[in-house]
Amino acid sequence: MNSAKPPVVGITARTVPVTLQGTDMVVSLSLQSHVDFLAAAGCVPVVLPVRPGVEQLLGNLQGLLVPGGPDLDPALYGQERHPLTRVASTELDRAELALIGAALAAELPLLAICRGMQLLNVRCGGTLHQHLPEVTGNDGHRPQGAGFEFGRHVLDLEAGSRIAQVFGDDTPKTACHHHQAVDRVGQGLSATARTPDGVVEVVEARGHPFAVGVQWEAGQTEDDRLHRALADAARRR
């Protein structure tokens, strides 16, 4: 009998206003697919409300997932705010930056998605394009429509990279919905996948057991390979 305990993986929460039973309130929540994918991969998912000091919980975790969310405060990477940059909370930014920094220092397996990847890059001293259409000339990474639409891009993966190991020859067509992206890559990170128009879609921390940032909305499709890769890294820890 295998008596090993399943790894515990933290998922940082997002705080959103909702209406339940006619009452307006604010809740901390996680995308259910992140919970389901990690549970199916043999982990115990735990949703972490993001407050100052949340990094103190890392000693109880074997992995960390930082999902998508609002734009970062550009002052954190030395820029003035673009008119289309929407910052929710500088407290949230600083708490998640501290959490990611602690995860890197502890070599805790980390999967950073969309905003999470941008946080990872900024934490390592990188910068962002604040409005990607000014760089690419189009809205291909965040299509404008009546609903929440995805841009679809086939990635160019760097041979021998962690992301290439995850996907092998079956490269996914990404589901993107972002108007910001990595500009200068942070120290200790490598850009290991790009879209055909040159936008960085994956960064990896060199020398870290598993610290991967992806720009697309992983968790919004049925592809759970990134979550399984995080689960495998958490088990090895």
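Fair warning: this is a prediction, and the values are worked out from it, not measured in the lab. (Residues numbered from 1 in each chain as written. Predicted model: local features only at pLDDT ≥ 70, side-chain atom pairs only at ≥ 80, totals over all residues. Heavy atoms only, no water.)

Caption draft 1: Region of interest: the sheet that holds strand E12 (residues 189-194). The mixed open sheet is built from eight strands, whose spatial order is E4-E1-E5-E6-E14-E13-E12-E9. Bordering the open sheet on either side are strand E4 (44-48) and strand E9 (156-157), each of which pairs with just one other strand. As paired elements, E12 and strand E13 (residues 200-205) share five bridges and run antiparallel to each other. In the strand pairing of E13, arginine 194 is matched with valine 200. The sheet strands contacting helix H2 (residues 90-105) are strand E1 (8-12), strand E5 (63-66), strand E6 (110-113), E13 and strand E14 (211-214), and the helix crosses E5 at an angle near 145°. On the sheet, helix H3 (residues 115-123) packs against E5, E6, E12, E13 and E14 and is oriented at approximately 115° with respect to E6. (Pairing = 2+ DSSP bridges. Helix = DSSP H or I, 4+ residues; strand = E, 2+ residues; numbered from the N terminus. Contact = heavy atoms within 4.5 Å. Axes fitted to C-alpha atoms, helices over the stretch in contact; angles between N-to-C directions.)

Caption draft 2: View of the pattern of salt bridges. Here the structure, examined in full by the defined rule, presents eight salt bridges. Two residues, aspartate 170 and arginine 225, come together in a salt bridge whose shortest N-O distance is 3.5 Å. Of this pair, aspartate 170 sits in the loop between helix H5 (162-167) and strand E10 (173-176) while arginine 225 sits in helix H6 (residues 225-236), and the two are 55 residues apart along the sequence. With relative accessibility at 51%, the residue aspartate 170 sits in the exposed group. A relative accessible area of 16% means that arginine 225 is categorised as buried. Within this structure, Arg14, Asp93, Glu96 and Arg115 form a network of salt bridges that share partners. (Salt bridge = Lys/Arg side-chain N within 4 Å of Asp/Glu carboxyl O. Buried < 20%, exposed > 50% of the residue type's maximum accessible area, 1.4 Å probe, protein only.)

Caption draft 3: Representation of H3 within the structure. With eight of nine residues buried, H3 is to be regarded as a mostly interior element. Positive backbone phi, at 90°, marks glycine 125, one or two positions downstream of H3.

Caption draft 4: The arrangement of the pairing of E5 in detail. By the alternation rule, side chains of E5 split into Gly63 and Leu65 and Leu64 and Val66, which are all buried. With respect to chirality, the unit in which E5 leads through H2 into the neighbouring parallel E6 is right-handed. (Right-handed = clockwise from strand over helix to strand, strands pointing away.)

Caption draft 5: Representation of the packing of aromatic side chains within the structure. Counted by the stated rule, this structure contains one aromatic pair. Both rings, one in phenylalanine 167 and one in tryptophan 216, keep their centres 6.2 Å apart while their planes meet at 45°; by these two values the pair is tilted. In this pair, phenylalanine 167 sits in helix H5 while tryptophan 216 sits in the loop between E14 and H6, placing the two residues 49 residues apart along the sequence. When sorted by exposure, phenylalanine 167 lands in the same class as tryptophan 216, which is buried. (Phe/Tyr/Trp six-rings, centres within 6.5 Å; stacked < 30°, edge-to-face > 60°.)

Caption draft 6: Local environment of the state of the cysteines. Inspection of the entire model under this criterion finds zero disulfides. Left unpaired, cysteine 124 is separated from the closest cysteine sulfur, that of cysteine 114, by 17 Å. (Disulfide = S-S within 2.5 Å.)

Caption draft 7: Looking closely at the layout of surface pockets. Taken as a whole, the largest pocket encloses approximately 490 Å³ of empty space. What lines the largest pocket is a set of 26 residues, among which Gly68, Gly69, Pro70, Cys114 and Glu217 lie closest to the centre. Mapped onto the lining of the largest pocket, the elements with two or more residues apiece are E1 and H3. Split into classes, the residues belonging to the lining of the largest pocket amount to nine nonpolar, eleven polar and six charged. (1 Å grid on protein atoms, 1.4 Å probe; cavity = no way out; pocket = protein on both sides within 12 Å on 5 of 7 lines; lining within 4 Å. Points joined across faces, edges and corners; volume = space filled by probe spheres on them. Nonpolar A, V, L, I, M, F, W, Y, C, P; charged D, E, K, R; others polar.)

Caption draft 8: Representation of the pairing of E1 in the model. Of all five residues in E1, four are buried; the element is thus mostly enclosed. Bridge analysis of E1 against E5 gives three bridges, and the strand direction is parallel. Bridging across to E5, valine 9 finds its partner in glycine 63.

Caption draft 9: Representation of the nonpolar core. Core analysis: the biggest nonpolar cluster contains 29 residues, and Ile163, Val214, Trp216 and Leu226 have the highest contact counts within it. Every element with two or more residues in this core is listed here: E1, E6, H5, E14 and H6. In this structure, Leu48, Val66, Ala112 and Val200 belong to the second largest nonpolar core, which totals 27 residues. (Core = buried A, V, L, I, M, F, W, Y, C linked by side-chain atoms within 4.5 Å.)

Caption draft 10: Geometry of the packing of H2 against H3. One can describe the packing of H2 onto H3 by two numbers: an axis separation of 9 Å at closest approach and a directional angle of 70°. By the criterion of interaxial angle, the relationship of H2 to H3 is roughly perpendicular. Contacts from Leu92, Asp93, Glu96, Leu97, Ile100, Gly101 and Leu104 of H2 reach H3 at Arg115, Gly116, Leu119, Leu120, Val122 and Arg123. Split by residue class, the contact of H2 with H3 holds seven nonpolar, two polar and four charged. (Parallel < 35°, antiparallel > 145°, perpendicular 65-115°, else oblique.)

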